[in-house]
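Each chain, written out:
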Amino acid sequence: MALSREQLAQRVAQEMKDGYYVNLGIGIPTLVANYVPEGMEVMLQSENGLLGMGRFPTEDELDADMINAGKQTVTAINGASIFSSAESFAMIRGGHVDLTVLGAFEVDVRGNIASYMIPGKLIKGMGGAMDLVAGADNIIVTMTHASKNGESKLLPKCTLPLTGAGCIKKVVTDLAFMEIRNGAFWLIERAPGVSVQEIIDKTAGELVVPDVVPEMQF
Amino acid sequence: MSGFNKLVGSYQEAMAGLEDGMTVIAGGFGLCGIPENLISEIKNKGTTDLTFVSNNCGVDGFGLGVLLEDKQIKKMVSSYVGENKLFEEQLLAGELEVELTPQGTLAEKMRAGGAGIPAFYTATGYGTPVGEGKEVKEFNGRKYIMEEAITGDFAIVKAWKADTFGNLVYRHTAQNFNPMAATAGKITVVEVEEIVEPGELDPAHIHTPGIYVDRLILGTFEKRIEQRTITTVESQA
């Protein structure tokens with residue numbers, strides 16, 4: 001069975017370590033915050049200028065001056081800090097954020113990522129995604145393995161305009177956990193009940209498959 | 001006005017000198033921390049062919065979105081647009097130009113502009129459409145593109161508190177792009193929720209020193225919320 005969005009977020013959450021500063025993108029990445037392992041402390045960075053993002057506010061706490069990068073009203077945890085957007089991207093560009101999780105339309109064997117623009121459709125912009133992929137060392141891309149029409153999103157070469165070149169090393173999809181090395185996807189884990197063959201069939205870029213591919217553990 | 005007193009008496013006075021074709025740098029992220037009354041004044045004034053440098057372009061009927069209604073904006077330099085229908089219509093009709101700029105690069109372009117740095121190198125955008133046509137330079141084995149600083153004829157800024165000397169404090173995440181915008185205008189205009197006497201703000205807690213501020217005005221703010229997300233008792237359970 002392919003992973004649900006929640007399971008995907010849960011698997012990504014296993015990559016967090018105690019004391020990590022983490023930036024989570026919009027969509028599935030946001031859900032990762034719900035699965036921080038027990039007894040572990042991580043601090044969420046929101047690129048508009050908040051380190052230590054908390055839960056959504058109650059009606060009483062609601063404050064128009066307190067939002068996250070998705071423009072949602074949020075709270076700050078104890079020990080949070082708030083700063084300018086230049087300071088925020090200094091943290092990001094300077095490599096101070098320990099883990100970045102973001103979605104994508106396509107990823108290829110060279111670690112290129114396309115996530116912000118589909119030509120012919122309205123262009124809304126890249127927001128902070130280009131800075132995040134250029135600045136972070138430890139990036140996890142989360143997405144479905146293939147489109148609804150069954151077309152692979154793991155390609156020999158991205159077809160859409162790039163968000164970043166050669167910057168992606170880890171991808172978690174609803175079918176598999178892969179690393180990108182030496183111009184290929186390396187299959188590390190598969191979703192419980194998903195066959196290696198299905199993953200091979202749905203991966204257009206070169207895929208290196210070891211003899212044994214363990215199932216993800218939850 | 002005398003000495004370091006930056007107070008002006010009216011919004012008309014605050015935006016005096018803004019002319020057709022000028023570049024305006026605006027603070028704010030989404031609808032958070034936007035100089036909403038200064039934007040209204042630009043609408044009332046009817047200035048056109050303006051280039052706006054701002055992370056977003058507001059929404060239909062609020063924020064910079066209101067300046068689209070009478071086609072006052074010629075060009076937007078932003079990281080994320082298209083939260084409004086009018087923007088989409090004018091973009092598709094070729095009435096509006098947009099220069100998409102990564103959010104961190106945009107913040108740094110303003111910061112550099114205000115700090116007298118004409119350009120800088122960043123890895124952001126290398127190998128992407130953003131990097132096309134820009135100088136590439138390699139440092140320590142990695143490739144960077146050169147991005148040029150931005151300054152504006154005007155900068156419009158929203159802060160929380162100010163003293164009459166124009167020392168500013170921002171509130172929560174309404175800070176966002178405002179401190180950089182404040183440094184990058186030939187004329188920097190700031191509207192605030194509260195004005196106090198010099199000495200009442202802790203000097204060590206000033207976010208933007210008054211040296212950057214030319215005009216200061218007290219306003220009242222609607223502070224519209226774009227995405228109202230709430231924790232309920234049920235969702236906590």
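Bear in mind the structure is a predicted one, so any value in this text is a computation, not a measurement. (Residues numbered from 1 in each chain as written. Chains lettered and ligands numbered in written order. Predicted model: local features only at pLDDT ≥ 70, side-chain atom pairs only at ≥ 80, totals over all residues. Heavy atoms only, no water.)

Chemist: How would you summarise the packing of helix 3 (residues 85-93) of chain A against helix 4 (residues 103-115) of chain B if you had to cite specific residues and measurements?
Modeler: Axis separation between helix 3 of chain A and helix 4 of chain B bottoms out at 9 Å; the angle between their running directions is 125°. With respect to each other, helix 3 of chain A and helix 4 of chain B are oriented oblique. Considering only the axes of helix 3 of chain A and helix 4 of chain B, their crossing is left-handed. The segment helix 3 of chain A lies against helix 4 of chain B, with Ser85, Ala86, Phe89 and Arg93 of chain A engaging Gln103, Gly104, Thr105, Ala107, Glu108 and Arg111 of chain B. (Axes fitted to C-alpha atoms, helices over the stretch in contact; angles between N-to-C directions. Helix = DSSP H or I, 4+ residues; strand = E, 2+ residues; numbered from the N terminus. Parallel < 35°, antiparallel > 145°, perpendicular 65-115°, else oblique. Left-handed = near helix turned anticlockwise from the far one by under 90°. Contact = heavy atoms within 4.5 Å.)

Chemist: How would you sum up the sheet that holds strand 7 (residues 113-114) of chain A? Please name residues and give values.
Modeler: All names here are of chain A. A sheet is described by the order of its strands in space; here three strands give the open sequence 7-6-9, paired in mixed fashion. Because the sheet does not close on itself, it has two edges, and the strands there are strand 7 and strand 9 (154-155). The pairing of strand 6 (residues 106-108) with strand 7 spans two bridges and is antiparallel. Pairing of Val107 across the sheet is with Ile113, part of strand 7. (Pairing = 2+ DSSP bridges.)

Chemist: I'd love a proper account of the nonpolar core, names of residues and values included.
Modeler: Counting 50 residues, the largest nonpolar core has Val22, Val32, Val107, Ile113, Val141, Ile168 and Val171 of chain A as its most contacted members. Those residues in contact with Val141 of chain A that lie beyond four places of it in its chain are Leu102, Gly103, Ala104, Val107, Ile113, Ile168, Lys170, Val171 and Val172 of chain A. Of all hydrophobic cores here, the second largest spans 28 residues; its members include Leu18, Ile42, Leu68 and Leu91 of chain B. (Core = buried A, V, L, I, M, F, W, Y, C linked by side-chain atoms within 4.5 Å. Buried < 20%, exposed > 50% of the residue type's maximum accessible area, 1.4 Å probe, protein only.)

Chemist: Give a detailed account of the interface of chain B and chain A, specifying residues and quantitative values.
Modeler: When the parts of a complex come together, some accessible area is lost, and that lost area is often taken as the interface size. Tallying the contact residues gives 50 residues for chain B and 44 residues for chain A. Summing both partners gives a buried area of about 3900 Å² for chain B against chain A, and 60% of it is carried by carbon and sulfur. By the criterion of area lost to chain A, the three top residues of chain B are Phe29, Thr173 and Thr229 of chain B, representing 15% of everything that side buries. For the interface between chain B and chain A, the tally reads five salt bridges. Across the pair Arg171 of chain B and Asp63 of chain A runs a salt bridge whose closest N-O atoms are separated by 2.6 Å. (Buried area = accessible area lost by both parts, 1.4 Å probe. Salt bridge = Lys/Arg side-chain N within 4 Å of Asp/Glu carboxyl O.)

Chemist: Describe unusual backbone geometry, with residues and values.
Modeler: Residue and element names in this part refer to chain B. Unlike most non-glycine residues, Asn140 shows phi in positive territory, near 45°. Here Asn140 is to be found in the loop between strand 6 (136-139) and strand 7 (142-148). The phi torsion at His172 lies on the positive side, around 45°, for a residue other than glycine. Within the secondary structure, His172 is located in the loop between strand 9 (168-169) and helix 5 (178-183).

Chemist: Describe the sheet that holds strand 7 of chain B, with residues and values.
Modeler: The strands making up a sheet are joined through hydrogen bonds of the backbone, oriented either antiparallel or parallel. Residue and element names in this part refer to chain B. One open sheet holds the three strands; their spatial order is 5-7-6, and the pairing between them is antiparallel. Edge positions in the sheet fall to strand 5 (119-122) and strand 6, since each has one partner strand and no second. Strand-to-strand twist in this sheet, taken as the mean axis angle between neighbours without regard to direction, amounts to 40°. As paired elements, strand 6 and strand 7 share four bridges and run antiparallel to each other. Note on strand 7: the bridge partner recorded for Lys137 is Tyr144. Packing of helix 4 onto the sheet brings it into contact with strand 5 and strand 7, and relative to strand 5 it is tilted by some 150°.

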